[in-house]
Amino acid sequence: QVRLVESGGTLVQPGDSLRLSCAASGGTFSNYEMNWFRQAPGKEREFVGAISWVFGTFYADSVKGRITISRNNVQNTVSLQLNSLKLEDTAMYYCATSGVPFKVVRTANAMNYWGKGTLVTVSS
């Protein structure tokens, strides 16, 4: 069983930067691809980015150039740095994983483990 806990969400202004963290426990963290999703009010949950030990990072077009995802396999954490924040970045951000070693999949319905989310609000 994998447990994920996100943190770092807050109210920011357009143009600001933000760093979110996800702490994982249970399972073999280093073997899992870790994903970030977000869900804005009234919209479907969307893929933001992913990182795996084997394949590196992969980012959605909507955030490419503004995002960096990193991980620490000793501390079992994964972080998301998002720069030049826009109003449309306002959403609940979730950390998720399939929990299947070395599996690469980036759709929400393939994730078996989710955190409760952390809210990012971008407002002037």
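Residues numbered from 1 in each chain as written. Predicted model: local features only at pLDDT ≥ 70, side-chain atom pairs only at ≥ 80, totals over all residues. Heavy atoms only, no water.

**Examining the sheet that holds strand S7 (residues 67-72)**
Okay, step 1: Spatially, four strands are ordered S1-S3-S8-S7 in an open sheet, and the strand pairing comes out antiparallel. The open sheet has two free edges, formed respectively by strand S1 (3-7) and S7, since each of these has just one partner strand. The mean angle between the axes of side-by-side strands here comes to 15°, regardless of whether they run parallel or antiparallel. (Pairing = 2+ DSSP bridges. Helix = DSSP H or I, 4+ residues; strand = E, 2+ residues; numbered from the N terminus. Axes fitted to C-alpha atoms, helices over the stretch in contact; angles between N-to-C directions.)

**A look at the pattern of salt bridges**
Okay, step 1: Inspection of the entire model under this criterion finds five salt bridges.
Okay, step 2: For Lys64, the salt bridge is made with Asp61, and the minimal N-O distance between the two is 3.1 Å.
Okay, step 3: What makes Lys64 partly exposed here is its relative accessible area of 48%.
Okay, step 4: By relative accessible area, Asp61 is classed as exposed at 66%.
Okay, step 5: Here the residues in one salt-bridge network are Arg38, Glu46, Arg66 and Asp89, joined through shared partners. (Salt bridge = Lys/Arg side-chain N within 4 Å of Asp/Glu carboxyl O. Buried < 20%, exposed > 50% of the residue type's maximum accessible area, 1.4 Å probe, protein only.)

**Considering the packing of aromatic side chains**
Okay, step 1: In total, this model carries four aromatic pairs according to the counting rule given.
Okay, step 2: Ring plane angle 75° and centroid distance 5.7 Å describe the contact between Phe37 and Phe47, whose orientation is recorded as edge-to-face. Of this pair, Phe37 sits in strand S4 (residues 34-39) while Phe47 sits in strand S5 (residues 46-52); the two residues are ten residues apart in sequence, bridging distant segments of the chain. In this structure, Phe37 and Phe47 share a single accessibility class: buried. (Phe/Tyr/Trp six-rings, centres within 6.5 Å; stacked < 30°, edge-to-face > 60°.)

**Concerning the nonpolar core**
Okay, step 1: Among the nonpolar cores identified, the biggest contains 35 residues, and Met34, Trp36, Ile67, Ile69, Val78, Leu80 and Tyr93 are the most heavily contacted of them.
Okay, step 2: Elements with a contribution of two residues or more to this core: strand S3 (18-25), S4, S5, S7, strand S8 (77-82), strand S9 (91-97) and strand S11 (118-122).
Okay, step 3: Discounting chain neighbours no more than four positions away, the residues touching Tyr93 are Glu6, Leu20, Trp36, Phe37, Arg38, Val48, Leu80, Leu82, Gly117, Thr118 and Val120. (Core = buried A, V, L, I, M, F, W, Y, C linked by side-chain atoms within 4.5 Å. Contact = heavy atoms within 4.5 Å.)

**Focus: unusual backbone geometry**
Okay, step 1: A positive phi angle is found at Asn76, which is not glycine, with a value near 55°.
Okay, step 2: Summarising the element assignment, Asn76 is placed in the loop between S7 and S8.
Okay, step 3: What makes Asn76 partly exposed here is its relative accessible area of 23%.
Okay, step 4: One non-glycine residue with positive phi stands out, namely Ser84, at about 45°.

**A short note on the side chain of Glu33**
Okay, step 1: When you line up the elements, Glu33 lands in the loop between S3 and S4.
Okay, step 2: A polar contact of 2.7 Å, which involves the side chain of Glu33, links it to the side chain of Arg106.
Okay, step 3: Every residue in contact with Glu33, bar those within four places of it in the chain, is listed here: Ala50, Ile51, Ser52, Arg71, Ala96, Thr97, Lys103, Val104, Val105 and Arg106. (Polar contact = N/O pair within 3.5 Å; in protein donor to acceptor, adjacent residues only side chain to side chain.)

**Quick look at a nonpolar patch on the surface**
Okay, step 1: Taken together, Trp53, Val54, Phe55, Phe102 and Val104 make up a surface patch of nonpolar side chains, about 580 Å² in accessible area.
Okay, step 2: Here Phe102 lies in the loop between S9 and strand S10 (113-114). (Patch = residues over 30% accessible without salt bridge, like charges linked within 9 Å, V, L, I, M, F, W, Y side chains within 5 Å. Areas by Shrake-Rupley, 256 points an atom, 1.4 Å probe, with all protein chains shown as cover.)

**Focus on the pairing of S7**
Okay, step 1: Burial of S7 is one-sided: the residues Ile67, Ile69 and Arg71 facing one way are buried, the residues Thr68, Ser70 and Asn72 facing the other way are not.
Okay, step 2: The pairing of S7 with S8 spans six bridges and is antiparallel. What sits directly across from Arg71, in S8, is Val78.

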